[in-house]
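Residues per chain, in single letters:
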Amino acid sequence: MTAAAQAPGIPAWGHRHLLDVDRLTRAELATVIALGRRMAEARATGTAAGPLAGRTVATLFAEASTRTRVSFEVATRALGGEAVSLDAASSSLAKGESLIDTVRTLEALGAALLVVRHGRSGAAQLAAEHFGGHVVNAGDGWHAHPTQALLDLYTLAEVLGDARLPGAKVCIVGDVLHSRVARSDIWALTAAGIDLWVTGPAVFLRGFETWARALPGDRRLTVTGDLAAGIRDAAAVMALRVQRERLEGAGAPSEAAYAARWGLTEERIAAHAPDALVMHPGPVNEGVELPPDVVSGPRSLITRQVANGVPVRMAVMALLAGSRDGR
Ligand code: CP
């Protein structure tokens, strides 16, 4: 597929796809945040331009989603494009058609940009190898959820301010092992200079100390099994969903045991991180990783994270639509 001409005001971008955030530099992350802010302003004033005008974005979701799927569709329309949604359960995937043939079919039907969610790590990469346009990974297995990481970074920059991001302490709490959000957040937040900590039951932290030691450059990631130390004086704490669908045989604690030991109650947060804001990628198991009063309380950024998904995904698709080369 031939890349479209660069839309006016959209910065040049050197990546054809967005499969993870691990290859994005700090400057590229700043580009996404700045363009996301412009997209938010344009939406608010009804002046969003149309870098996707005349182009079709197909969302192929082979796993459940509310926020990601709807926000990609809203973002597509806000950019002047047409959103086509493929529900895997009622598609020919359910008859045994392969992901590769599905991707080729969507391209033949005119899709210029493909948004893929799949339960298998590497599915978005596979799609990118067989699709002539641009692919955005909307979450693959445990591997990556790049647009979630970008909207998390965007939200932190919004509430803390750009100048306070480098060195700010943020702690991710919970099922890090099974979390594609945590993996992408580790790449994006540490690239932005955030002092990132992860904590949770030992069974959920396996392998992350090795990763922390291997992170390039001056990136800071601390792994601890001590919840109080992890969240102490953090500017923000991010609870992760206990992923019931991925826990079979994982030796994980019961939900009740998890909530008692690791749940981020207001009392716990107030005792160790009194100024902390609370994040969660959603969906929340209320009463497990977060109690309802924290989810909807004054510290919570959860609704803001969801809302920020639209301008950030607008920025990502506008950048990709104008990109010519590169992976
Ligand atoms: N955070 C996230 O990916 O939410 P959905 O599963 O609802 O898309």
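Residues numbered from 1 in each chain as written. Predicted model: local features only at pLDDT ≥ 70, side-chain atom pairs only at ≥ 80, totals over all residues. Heavy atoms only, no water.

Caption draft 1: The arrangement of the overall build of the chain in detail. In terms of regular secondary structure, the chain is built from twelve helices and nine strands. In summary, the chain has a C-alpha radius of gyration of 19 Å against a globular reference of 20 Å for 327 residues, a match within 12%. Across its three principal axes, the chain shows a C-alpha extent of roughly 55 × 45 × 35 Å. In the chain, which comprises 327 residues, the proportion classed as buried is 57%. Across the chain, the fraction of contacts at a sequence separation of at least 24, relative to all contacts at a separation of at least 6, is 78%. In the form shown here, the chain has an accessible surface area of approximately 13,100 Å², with 53% of it arising from carbon and sulfur atoms. (Helix = DSSP H or I, 4+ residues; strand = E, 2+ residues; numbered from the N terminus. Rg over C-alpha atoms; globule rule 2.2 N^0.38 Å. Buried < 20%, exposed > 50% of the residue type's maximum accessible area, 1.4 Å probe, protein only. Contact = heavy atoms within 4.5 Å. Areas by Shrake-Rupley, 256 points an atom, 1.4 Å probe, with all protein chains shown as cover.)

Caption draft 2: Region of interest: the layout of surface pockets. Roughly 400 Å³ of volume is contained in the largest pocket. In this structure, the largest pocket is lined by 22 residues; those nearest its centre are Arg117, Arg180, Arg241, Gly282 and Pro283. When residues of the lining of the largest pocket are traced back to their parent elements, those giving at least two are α2 (67-78) and α6 (180-191). The class makeup of the residues in the lining of the largest pocket is five nonpolar, ten polar and seven charged. (1 Å grid on protein atoms, 1.4 Å probe; cavity = no way out; pocket = protein on both sides within 12 Å on 5 of 7 lines; lining within 4 Å. Points joined across faces, edges and corners; volume = space filled by probe spheres on them. Nonpolar A, V, L, I, M, F, W, Y, C, P; charged D, E, K, R; others polar.)

Caption draft 3: Geometry of the site of the ligand. Around the ligand sit Ala64, Ser65, Thr66, Arg67, Thr68, Arg117, His145, Gln148, Pro281 and Gly282, and those are all the residues in its vicinity. Within the contact set of the ligand, an oxygen atom lies 2.8 Å away from a side-chain nitrogen or oxygen of histidine 145. Measuring from a nitrogen atom of the ligand, one finds a side-chain N or O atom of glutamine 148 at 3.1 Å. When the free accessible area of the ligand is taken as 260 Å², the share hidden by the protein chains comes to 93%. (Near = heavy atom within 4 Å. Polar contact = N/O pair within 3.5 Å; in protein donor to acceptor, adjacent residues only side chain to side chain.)

Bear in mind that shape data such as this cannot, by itself, settle questions of function.
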